[in-house]
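So you can see what is in the structure, the chains are spelled out below.
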There are 2 protein chains.
Amino acid sequence: MNLLLKKLWTTLACCIMVLLANADDRIVNAADFAKYQRPDDATPMVRAALAYCREIKAEKLIFPKAVYRFKRDLAVEKYVFMSNNDEGLKRFVFDLTGIENLEIDGQGSQFILSGFVSPFLLQDSKNISFKNFAIDYVRTFHSEAKILSVDKAGMTVQFSKKFPYKLDHQTLIFTDSTGTVYPWSDLLEFDPIKRETAFMANDFWVGANVPVKELKPGIVKLLLPEVKGTPGNVMVFASAFRLVPAFNISNSAGIRFNDIDIFHCGGMGIVAQNSRDIFINHVRVTPSPGSGRVVSITADATHFSNCSGKIVIENCLFENQKDDATNIHGIYSKITRVISPYEIEVELIHKHQFGFEYLKPGLEVEFADAASIVTFAQNSVKSSEKINKEFTRVVFKEPISSQTKPGDVIAAANNYPEVLIRNCVIRGNRARGILLNSRGKTLVENNIFHVPGAAVLFEGDASFWFEQSGVNGVTIRNNTFDNCNYGVWGNACIQVGSGIMKNVRAKSRYHKNISITNNTFKIFDPRIINVYCVDGLVFKDNKIEKSNSYIKNLPDAKAFVIENCSNVTVDGDDDFKTADHVKK
Amino acid sequence: MNLLLKKLWTTLACCIMVLLANADDRIVNAADFAKYQRPDDATPMVRAALAYCREIKAEKLIFPKAVYRFKRDLAVEKYVFMSNNDEGLKRFVFDLTGIENLEIDGQGSQFILSGFVSPFLLQDSKNISFKNFAIDYVRTFHSEAKILSVDKAGMTVQFSKKFPYKLDHQTLIFTDSTGTVYPWSDLLEFDPIKRETAFMANDFWVGANVPVKELKPGIVKLLLPEVKGTPGNVMVFASAFRLVPAFNISNSAGIRFNDIDIFHCGGMGIVAQNSRDIFINHVRVTPSPGSGRVVSITADATHFSNCSGKIVIENCLFENQKDDATNIHGIYSKITRVISPYEIEVELIHKHQFGFEYLKPGLEVEFADAASIVTFAQNSVKSSEKINKEFTRVVFKEPISSQTKPGDVIAAANNYPEVLIRNCVIRGNRARGILLNSRGKTLVENNIFHVPGAAVLFEGDASFWFEQSGVNGVTIRNNTFDNCNYGVWGNACIQVGSGIMKNVRAKSRYHKNISITNNTFKIFDPRIINVYCVDGLVFKDNKIEKSNSYIKNLPDAKAFVIENCSNVTVDGDDDFKTADHVKK
């Protein structure tokens, strides 16, 4: 009882303190913790400032405008599974775990990190705002080289001093002044004039064991006859892992971004899982100014797995990141065993989903067939036990459907997020623009897309990525699709790329109600729409302008490929009359 | 209060159940859980059996004699820091965390594991006995090849089907039937006839990026002019990591081993940290019978960091493991900052010590100078805060000595274990025999050593391994030192190898009271004793026999090198009169 009284007293005292404090007292100035700084390392200063923020339940943490440098040495360490990134025991400068109602205002500061340390971790955080700062790294997680020449034996490239490397036998290893190794795994060519992936450039999944020969310091020949490229272009040596996203958000709610530059990080820019209400405004993912780099961050600009509430992305610039601008989806687990009438064992298949926890008691769950991804049953979780990062045992409230068999998948069946993507510019990155896979109301308007693959992709599969999609109510209006598909990652500006086996597409209407109106399509490649398994497709009042910006390498391609769809209204430009391409 | 009553009732009910149960009820037969088995995987059976053992507080878990196969798929997962092995998110078949008073009796069974999964994890476990089983793996973590030929361009080797590999470009990658990769890092030559490391063989720290060429399936040429070896001998491709020890013991007490064979694992055999009272009897570390392998396990047979109580190793065979038979030591942390008169920041330097936690409130701590490892102060921990796996902040009860400066080290200063090593055979492994570094009473008797380095090594340093030593009372008697030092890991049968800088050795007496009596030294190499910084050394009544078992490559070496020692009594064999070698 003594303990109880003591706890009560502490809580009471704390409440009184908070009540007595006036607003100014609850604004914490990071500069007040400057004594904790180390040479070139403000990390202990941030730890001390955040400890104080927790103590007084601060409303704001402000950073006087300056350049703050952060090292990993004294950063907070946690094992983190972050959907669509790589898991690991990681370091974080700002550990905001459990913090509520805090604004972090950089006042125009630059946060410059070095090595394998992420700036922000949010776990069970609520109402957190980020304002007015830039994130950059001393040494990038990828490397870039100028292509000097290509011959039968391979490609000769030149690295600037920004991308230090060493050779181990004939193997190329990227490093920095501290000796840290930056593993790489594949190659992609960029056009440094257009500041985008080179025309129709492929990823070369060559692995880091490519034999190389150093011709002179900084000049290296890749002894790889199969790698092609154009002298003068930039070859990007991609980071092998996504270990260092900028903003790592789990089980959080009410997260706001305003005026944030993410010049670099080693993973996704903003990635959220099991979180709700995320508002991203004036966020710019772009290569560090003056760096001359062709790549900004090493993976998607933003990404959302099993999120809910509202996801709003407005007034953003997402350019030159090494993957898509966004992907908003659920996650499927594969059924490995039916244990009892109420119980199954499921497995997370893709390594970037390992450790993802969502099967909480009370969750409504859908059961779907893997080939068609068609939902055949629904049930509610009674309890679940995580066996390890791959396997979970789930007990349901009702008997599971007799149709259920190993190989089927399950996923969360409610609380899909509403999505708004408005006034954004998306360009020059690898792969696609936006991957829309929420079943919530989705509005995409007034954006400009100039991407090498599909600008808008509807995904979902139960065979490789295990990402849940099946949209239901998407409006795409007043956007400009500016010469998309100059690369290899798509077959139309707006595309369904769901993993629905061809033999079952006729009976699947996985996606529903997609409306595409009042957009402008500037195209050198005739392919505008390529979709299947959609019930309810409207394409009208769009403007289609031919362009000569790129070589017309597919002059005979069809503008509209619409297969296994129902309730389709396509009102195309005269040049692209397409009734004959529409199969129902 | 309801909750409290409920808890009380549960506890009471549980006590009554345990009291009522007779002994037989508390013996659990793993076979009763056979329904949980999967094809080739008894792991879920063990999980279920152990859950039941916890529930009824079982005294015994017995396994009817059989071959049990274990995969990692459904094993327990934990992030584990294990001293002198590699940290990681790991899998364990038997998770004995928190279990007390349990005997696991294999009744002669074989536990055959595959992939990166350890058999046993003990954390906060008490009075656990292991009895009568063997541990082996389907695919070893290292690989072995027969040397076919050596020429100017490199070495050609042949792998049997037991060591599957693939090539990635010109790089050699070891794998298995599941596609799992087994990283390697260095090479060591073994003599398959003598079943030991080849005479004076060196480790080749070449890394896994060695370029290779496959001449025929199974026959590979290492394009490495510097690697030497004898055709007919076996080249061992060492495992790059120590991720999979067999017995992982932390914060535990009263751990007993009887009749256990450890034929293979991917790390140390039995490794314990912060634990007390460990009794190892009739444990055999030896290559799987009939395997034809020259290597048993991939690192030390046993290893103890900051242990206390008694460590008893009797009647054991430790052969052909890829490192020492044992090492019993403490761990030094390096002082990186003196923060206040009571507070310091310390760092764990060696990566195999990262995450090691020992600075608990109340711990007596010594402060030592790094160059001499001489203790200059003692203090008691008031509190400590782990910053991350490398750094810890420590507050002391008394003001810290004014002598303290960054670069000095601290370590636990009490509860050193008593050590008994008796009736063991130690042979054919890489490196040394036993590393004695406990300040507790240490008795080594009736053992046979045939190792390529020093049979007995006294270590300790604050510059590389950061292992605390400084023995005080070691008796080495009635042992046979059978032709040791046929390799490169030592300079005498009994050796001090402490990292005490030469310029301060005169004033350091780091080790105390070492008595070497009634042993037999069979030697082809004259070097018997090589020590420094010892106060109290007795060498008497030992028998020294010359041997022709190996080439006498150092005929003029001194039998006794005793420098910077005090109170030395050396009563050598006539052939090895050594007074002239003894410098005091």
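Residues numbered from 1 in each chain as written. Chains lettered and ligands numbered in written order. Predicted model: local features only at pLDDT ≥ 70, side-chain atom pairs only at ≥ 80, totals over all residues.

J.: Looking at this model, I keep getting lost on the overall build of chain A. Mind explaining?
T.: Check the secondary structure of chain A and you find two helices and 48 strands. Computed over its C-alpha atoms, the radius of gyration of chain A comes to 25 Å, within 12% of the 25 Å expected for a compact globule of 584 residues. Projected onto its principal axes, the C-alpha positions of chain A cover 80 × 70 × 45 Å. A buried classification covers 51% of the 584 residues belonging to chain A. Expressed as a percentage of contacts within chain A between residues at least 6 apart in sequence, the contacts between residues at least 24 apart total 70%. (Helix = DSSP H or I, 4+ residues; strand = E, 2+ residues; numbered from the N terminus. Rg over C-alpha atoms; globule rule 2.2 N^0.38 Å. Buried ≥ 20, exposed ≤ 12 C-beta atoms within 10 Å, placed from the backbone. Contact = placed C-beta atoms within 7 Å.)

J.: What is the right way to look at the relation of the copies chain A and chain B in this model?
T.: Comparison of the two chain copies shows a relationship of rotation about an axis with a shift along it. Least-squares fitting of chain A to chain B yields an RMSD of 0.0 Å, with the superposition described by an axial translation of 0.0 Å and a rotation of 180 degrees. In the structure described here, the two chain copies are related by an operation that fits a two-fold rotation axis. Every residue of chain A has its C-alpha some distance from the rotation axis, and the shortest such distance is that of Asn209 of chain A, at 3.7 Å. (Least-squares fit on C-alpha atoms with pLDDT ≥ 70 in both.)

J.: Can you help me understand the environment of Gln158 of chain A in this one?
T.: Mapping Gln158 of chain A onto the fold places it in strand β10 (residues 154–159). Ignoring any residue separated from it by four or fewer positions in sequence, one finds Gln158 of chain A in contact with Ala145, Lys146, Leu148, Gly218 and Ile219 of chain A.

J.: Would you take a moment to explain the sheet that holds strand β28 (residues 364–368) of chain B for this structure?
T.: Adjacent strands of a sheet form backbone hydrogen bonds with each other and so pair up, either parallel or antiparallel. All names here are of chain B. Reading around the circumference, β26-β27-β30-β29-β28-β31 is the order of the six strands in this closed barrel, with antiparallel pairing throughout. The sheet shows a mean angle of 45 degrees between the axes of neighbouring strands, taken without regard to direction. Of the pairings in the sheet, the one linking strand β26 (residues 333–340) to strand β31 (residues 409–412) comprises two bridges and is antiparallel in character. Its bridge partner lying in β31, Ser333 is registered against Ile410. (Pairing = 2+ DSSP bridges. Axes fitted to C-alpha atoms, helices over the stretch in contact; angles between N-to-C directions.)

J.: What am I meant to see in unusual backbone geometry here?
T.: Even without being a glycine, Asn127 of chain A presents a positive backbone phi close to 50 degrees. Relative to the assigned elements, Asn127 of chain A resides in strand β8 (residues 126–137). According to the C-beta neighbour criterion, Asn127 of chain A is partly exposed, with 16 such atoms within 10 Å. At Asp277 of chain B, a position not held by glycine, the phi torsion is positive, near 60 degrees. Counting through the fold element by element, Asp277 of chain B comes out in strand β21 (residues 276–285). With 20 C-beta atoms counted inside 10 Å, the residue Asp277 of chain B sits in the buried group.

J.: What's the story with the pairing of strand β30 (residues 391–396) of chain B in this structure? I'm lost.
T.: The side chains of a regular strand alternate, residue by residue, between the two faces of the sheet. Residues and elements named next belong to chain B. Both strand β27 (residues 343–347) and β30 contribute to a ladder of five bridges, which runs antiparallel. Following the sheet pairing, Ile344 is matched in β30 by Val394. In terms of strand pairing, strand β29 (residues 375–386) meets β30 through five bridges, oriented antiparallel. What sits directly across from Ser383, in β30, is Val395. Hairpin connection from β29 to β30: four residues lie between these consecutive antiparallel strands.

J.: It is not clear to me how the confidence of the model for chain A should be interpreted in this structure. Could you clarify?
T.: The predicted coordinates should not be examined in detail at positions where pLDDT is low. Per-residue confidence for chain A gives a mean pLDDT of 94; residues scoring 70 or more make up 94%. Predicted complex, confidence summary: ipTM 0.93, pTM 0.94. (pLDDT = per-residue confidence, 0-100.)

J.: In this structure, what is going on with the pairing of β10 of chain A? I would like to understand it.
T.: All names here are of chain A. Extensive coverage of β10 is indicated by the burial of five of its six residues. In this structure, strand β9 (residues 143–151) lies alongside β10, joined through six bridges in antiparallel fashion. Among the inter-strand pairings, Val150 is bridged to a residue of β10, identified as Met155. Connecting the antiparallel pair β9 and β10 is a turn made up of two residues. Here β10 runs beside strand β16 (residues 219–222); their pairing, made up of four bridges, is antiparallel. Bridge pairing links Met155 to Leu222 in β16.

J.: Looking at this structure, how should I read the sheet that holds strand β15 (residues 212–216) of chain B?
T.: With antiparallel pairing, seven strands are arranged side by side in an open sheet as β14-β13-β17-β9-β10-β16-β15 (chain B). The open sheet has two edge strands, β14 (196–197) and β15 of chain B, and neither has a second partner.

J.: In this structure, what is going on with the domain arrangement of chain A? I would like to understand it.
T.: It is common to give the size of an interface as the accessible area lost on bringing the parts into contact. When cut into domains, chain A gives domain 1 (23–138 + 245–319), domain 2 (143–239), domain 3 (331–412) and domain 4 (426–581). Its residues assigned to classes, the side of domain 1 of chain A that touches domain 2 of chain A shows two nonpolar, three polar and one charged. (Domains from an automatic or database assignment. Nonpolar A, V, L, I, M, F, W, Y, C, P; charged D, E, K, R; others polar.)

J.: Sorry if this is basic, but what is going on with the interface of chain A and chain B here?
T.: Each partner contributes to the interface: chain A provides 20 residues, whereas chain B provides 20 residues. When contributions to the side of chain A that touches chain B are tallied by element, the ones reaching two or more residues are β4 (76–80) and β5 (88–95) of chain A. Ranked by residues supplied to the side of chain A that touches chain B, first place goes to β4 of chain A with three residues. Taken together, the residues of the side of chain A that touches chain B break down into nine nonpolar, six polar and five charged.

J.: Is there a simple way to explain helix α2 (residues 43–56) of chain B in this structure?
T.: The periodicity of an α-helix, 3.6 residues per turn, causes residues three or four positions apart to be oriented the same way. All names here are of chain B. Taking 1.5 Å per residue, 14 residues should reach 20 Å; α2 reaches 20 Å between its end C-alpha atoms and fits that length. Three or more residues of α2 are buried, namely Thr43, Pro44, Met45, Val46, Arg47, Ala49, Leu50 and Cys53. Of the surrounding secondary structure, the elements contacted by the buried residues of α2 are β1 (27–29), β2 (60–62), β3 (67–70), β4 (76–80), β5 (88–95) and β6 (100–113). Following α2 by one or two positions, Lys57 has its phi on the positive side, about 55 degrees. (Expected span 1.5 Å × (residues − 1).)

J.: I keep staring at the environment of Asp86 of chain B and nothing clicks. Help me out?
T.: In this fold, Asp86 of chain B is placed in the loop between β4 and β5. Other than its neighbours up to four places away in sequence, Asp86 of chain B contacts Phe241, Arg242, Leu243 and His352 of chain B.

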